[in-house]
Amino acid sequence: MSDERVSKRARARILGRVREANQEREPVEHPGTLPDALEPPGPFGDAGRSDPVGAFEDRLRAAGGEVVRLADEAAARKWLEEFAREFESVSVGVGVPDTLQPALPKAQPSEAALGVSVAVGASAQTGSLVLSSKEGRRSQLLPPVHLIWVRAGDVHTTLGDALQACREDLPATLALHSGPSKSADIGQILVTGVHGPGRIIAAVLLGPRP
Amino acid sequence: MDVHSRDYRARARQIIEETPEVREAVNAATQTFVDNRQKAFADLDGTALSRWAERVKSHALSHLADYLEEAEARLVERGAHVHWAETASDVHQIFECIVREQGVKKAVKAKSMLSEEIGLNPFLESCGVEVFETDLGEYIIQLLGEPPSHIVGPSIHKSLDDTRVIFHERLGTPRDASPERLAEAARDLLRDAFLTADLGISGGNFLVAETGSIALIENEGNIRLSTSVPRIHIALVGIEKVLPKWADLPTFLQVTAKSATGQPVGCFVSMIQGPGGSPGDEPDGPEELHVVLVDNGRSRLLADPEAWEALRCVRCGACLNICPVYRQTGGHAYGYVYSGPIGGILGPGLVGLEETLPLPFASSACGACADVCPVRIPIPDLLHVWRQRAVERGLTSDVERSVLGLLTSTATRPRLFGWAEKAAGLLPAPVLRHLPMLREWSAGREPPRLEGPTFRELWDEGIE
Ligand code: SF4
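Just so it is clear, the structure is predicted and the values come from calculations on it, not from any experiment.

**Details of helix α5 (residues 88-102) of chain B**
Argument step 1. Relative to the 21 Å expected for 15 residues at 1.5 Å per residue, α5 of chain B spans 21 Å between its end C-alpha atoms, a close match to the ideal helical length.
Argument step 2. Of the residues making up α5 of chain B, those classed as buried are Asp-90, Val-91, His-92, Ile-94, Phe-95, Ile-98 and Val-99 of chain B.
Argument step 3. Buried residues along α5 of chain B sit in contact with α1 (3-23) of chain A together with β1 (81-85), α7 (120-126), β4 (199-202), β7 (232-238) and β10 (288-294) of chain B.
Argument step 4. Count one or two residues on from α5 of chain B and you reach Gly-103 of chain B, which has phi positive near 60 degrees.

Okay, here's the thing in structure tokens:
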């Protein structure tokens, strides 16, 4: 039997059995959204609400990420110039503004020493940067160091808010990066930079949107 | 995967007596998980969270057919191919067609317990596809030719030295290589595989009906790479993985990560809605996305009014970590892809009671698992259901029957100390010798109520 016929027959039978199984069952109501009161307190509770960037920074640092805050684009460019010195080449995501690209030779993502992205958002609650596949995934994943620009105004208090903000225009893959790649699979000893970037730097742009 | 649960007692004995280092490694790893989980929930209203999560999952399961159709429609709109598979052999046929048509020679694979359930790797190899497990833990046990020992940490039973030995033999790293050096060797080899594979294979932690999103949580980045770099991505998703709404996802991601490792969310999360590169409008990403929705016993379990709640499981592993019985042996003793408390209720539900006996008995019924389950699966009650059925169907030994007789007569409250001690009488002697004999577990619980002979008395009477 062809793959499609297998699948079609399976579909009908699975859905049939599932419907039959649920016929007798009392349907359970969806409990709605989790009330805010259940959002965890602490750095991503009250403090997170008044200072999401601070809470985001705490979280990401706790997971082994680095965070810099930059007052405006001029400060950002200055910092970038300094930061870029230690790298030989760069792979830049589609849509990273020219002004936020380091003056380094471009390389394929698999060869580049540094990847640069612009996050579509961030979550203080989890210390996560939200990345869209629309900028290309390889420069987010293959270089050993990943620099991610994020605007302070895009840092949401909760992960729920950060994901809700993307709901209307979901890319093929939306990703959360919340720390450097790590593993404890070798004898329970933590190593970083296993498959994905071993260094992740969030550069938070505090100034108003240009 | 073949099920070898029948040998549970012999295997447990063998592991404890012949490889005591396994117990040591598993104990250390699970204790770390337990401590981290506890810290992660310290400031939270864990009960309210798990009540909410329980209701969302129960709601999704009670409307499962509609949600599956919704997820399918969203995925198809985005250009994904959706396949349905009733059995392992259906999944094999679907893979065979894709692999043949596309001339796939090399596949990179992210951790998927469902793929273990259906024996995917040996099948793909029989089709001439070279399969690379890319999760470091999975890669280690792939080299060793072993099945995973834990649903979150497949290689937790292996020490640093075990990995040194196998990497020395297979990858030529120095015999005394540091963990960093070992990880680097694996990364270099697997990086090449990522860049040259035609196919990436993943599982799916959640399938969001409203948006058709497949969500995956991880720490290494291998899932992101497996689902981003090769030309084709196939995601294997159990039909029970459905979440109704996009807005449900953030809480489930967090609750799962916290329960599994104590992390806020895991270093990487992928939320996949469709293929990426051409014909899509994105710069890269797979050109083809295939989603295989797999039943493999799930719809039958859903129809079981006494046992269906096992389907809420999010595979966090918290019940394994806290289980005093699992901690003595790790997962291999159980002879089934899902071990520990969840294995005792999924095994009989998905594969059948006869095939997976005595897994429902491989528990001390101390109740710790139910306390940590983030979706409030009443694990001890479900174990009890399967135990009773085993007796009713005449599948149990005299020993199991006699102990179960005691249980059912005296214990309607499975978490009581006395019940737990007696239930432990069903475990193999070496496991019993090492159990922290439930005293720790009963601390802070209701006082012991011992009625009738305890497991020790039964043991003295020559019962194993
Ligand atoms: S049964 Fe509960 S605790 Fe155990 S793995 Fe499943 S969700 Fe986690």
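**A word on the domain arrangement of chain B**
Residue and element names in this part refer to chain B.
Argument step 1. Entries for chain B in the domain assignment read domain 1 (5-298) and domain 2 (403-461).
Argument step 2. Taken together, the seven residues of domain 1 in the interface contact eight residues of domain 2.
Argument step 3. Here domain 1 meets domain 2 over a buried area of about 630 Å², counting both sides, of which 64% is carbon and sulfur.
Argument step 4. Put simply, domain 1 and domain 2 have zero salt bridges between them.
Argument step 5. The element that contributes the greatest number of residues to the side of domain 1 that touches domain 2 is helix α1 (residues 8-18), accounting for six residues.

**Notes on the packing of aromatic side chains**
Argument step 1. Per the counting criterion, the structure on display carries nine aromatic pairs over all chains.
Argument step 2. The interplanar angle of 15 degrees and the centroid separation of 4.7 Å between the aromatic rings of Trp-79 of chain A and Phe-83 of chain A together place this pair among those described as stacked. Linking Trp-79 of chain A with Phe-83 of chain A, this pair stays in helix α4 (residues 73-84), spanning four residues, or about one helical turn.
Argument step 3. Clustering of aromatic rings is evident, with ring pairs tying together Trp-79, Phe-83, Phe-87 and Trp-149 of chain A.
Argument step 4. The residue whose ring lies beneath Arg-315 of chain B is Tyr-338 of chain B, and the NZ or CZ to ring-centre distance is 4.7 Å.

**What about the interface of chain B and chain A?**
Argument step 1. Listed as interface residues are 97 residues of chain B and, on the opposing side, 73 residues of chain A.
Argument step 2. Between chain B and chain A, roughly 7,300 Å² of surface is buried when both sides are summed, and carbon and sulfur atoms account for 60% of that area.
Argument step 3. When the buried area of chain B at its contact with chain A is split by residue, Trp-84, Glu-86 and Arg-224 of chain B rank highest and sum to 10% of it.
Argument step 4. At the surface where chain B touches chain A, the tally comes to eight salt bridges.
Argument step 5. The interface formed by chain B and chain A includes 46 residue pairs in polar contact (both at pLDDT 80 or more).

**Overview of the site of the ligand**
Argument step 1. Near the ligand lie 13 residues; those nearest to it are Cys-313, Cys-316, Gly-317, Cys-319 and Cys-373 of chain B.
Argument step 2. Looking at the shell around the ligand residue by residue, the class counts come to 11 nonpolar, one polar and one charged.

**Focus: the environment of Phe-268 of chain B**
Argument step 1. Examined against the element boundaries, Phe-268 of chain B turns out to sit in strand β9 (residues 268-272).
Argument step 2. The buried category is assigned to Phe-268 of chain B, whose relative accessible area is 1%.
Argument step 3. The contacts of Phe-268 of chain B, once residues within four sequence positions are left out, are Leu-176, His-177, Gly-179, Ser-181 and Pro-197 of chain A together with Leu-216, Ile-217, Glu-218, Asn-219, Glu-220, Gly-221 and Arg-224 of chain B.

**Structural notes on the side chain of Ser-183 of chain A**
Argument step 1. Examined against the element boundaries, Ser-183 of chain A turns out to sit in strand β9 (residues 182-183).
Argument step 2. A polar side-chain atom of Ser-183 of chain A sits 3.0 Å from the main-chain amide nitrogen of Asp-185 of chain A.
Argument step 3. Excluding residues that lie within four positions of it along the chain, Ser-183 of chain A makes contacts with Ile-189, Leu-190, Val-191 and Val-194 of chain A together with Leu-136 and Glu-220 of chain B.

**A closer look at the pattern of salt bridges**
All names here are of chain B.
Argument step 1. Counted by the stated rule, this structure contains 31 salt bridges over all chains.
Argument step 2. Among the ionic pairs, Asp-161 bridges to Arg-164, the shortest N-O distance being 4.0 Å. One end of the pair is Asp-161 and the other is Arg-164, both in helix α9 (residues 160-171) and three residues apart, which spans about a single turn.
Argument step 3. A salt bridge links Asp-304 to Arg-389; the nearest nitrogen and oxygen atoms lie 2.7 Å apart.

**Remarks on the environment of His-81 of chain B**
All names here are of chain B.
Argument step 1. Structurally, the position occupied by His-81 is in strand β1.
Argument step 2. What makes His-81 partly exposed here is its relative accessible area of 39%.
Argument step 3. Remark: the alpha-carbon pair of His-81 and Pro-275, spanning 194 residues in sequence, is separated by 9.4 Å.

**A look at unusual backbone geometry**
Argument step 1. Look at the link from Leu-357 of chain B to Pro-358 of chain B: it is a cis peptide, with omega at 0 degrees.
Argument step 2. Mapped onto the secondary structure, Pro-358 of chain B falls in the loop between α17 (353-356) and α18 (368-372).
Argument step 3. Phi is positive for Gln-188 of chain A, close to 65 degrees, though the residue is something other than glycine.
Argument step 4. Relative to the helices and strands, Gln-188 of chain A resides in the loop between β9 and β10 (191-192).
Argument step 5. Positive phi values are uncommon outside glycine, yet Asn-296 of chain B reaches one of about 45 degrees.
Argument step 6. Mapping Asn-296 of chain B onto the fold places it in the loop between β10 and α13 (298-302).
Argument step 7. Among the residues examined, Asn-296 of chain B registers a relative accessible area of 18% and is labelled buried.

The rules behind these values
- Residues numbered from 1 in each chain as written.
- Chains lettered and ligands numbered in written order.
- Predicted model: local features only at pLDDT ≥ 70, side-chain atom pairs only at ≥ 80, totals over all residues.
- Heavy atoms only, no water.
- Helix = DSSP H or I, 4+ residues; strand = E, 2+ residues; numbered from the N terminus.
- Expected span 1.5 Å × (residues − 1).
- Buried < 20%, exposed > 50% of the residue type's maximum accessible area, 1.4 Å probe, protein only.
- Contact = heavy atoms within 4.5 Å.
- Domains from an automatic or database assignment.
- Buried area = accessible area lost by both parts, 1.4 Å probe.
- Salt bridge = Lys/Arg side-chain N within 4 Å of Asp/Glu carboxyl O.
- Phe/Tyr/Trp six-rings, centres within 6.5 Å; stacked < 30°, edge-to-face > 60°.
- Lys NZ or Arg CZ within 6 Å of the ring centre and 35° of its normal.
- Polar contact = N/O pair within 3.5 Å; in protein donor to acceptor, adjacent residues only side chain to side chain.
- Near = heavy atom within 4 Å.
- Nonpolar A, V, L, I, M, F, W, Y, C, P; charged D, E, K, R; others polar.

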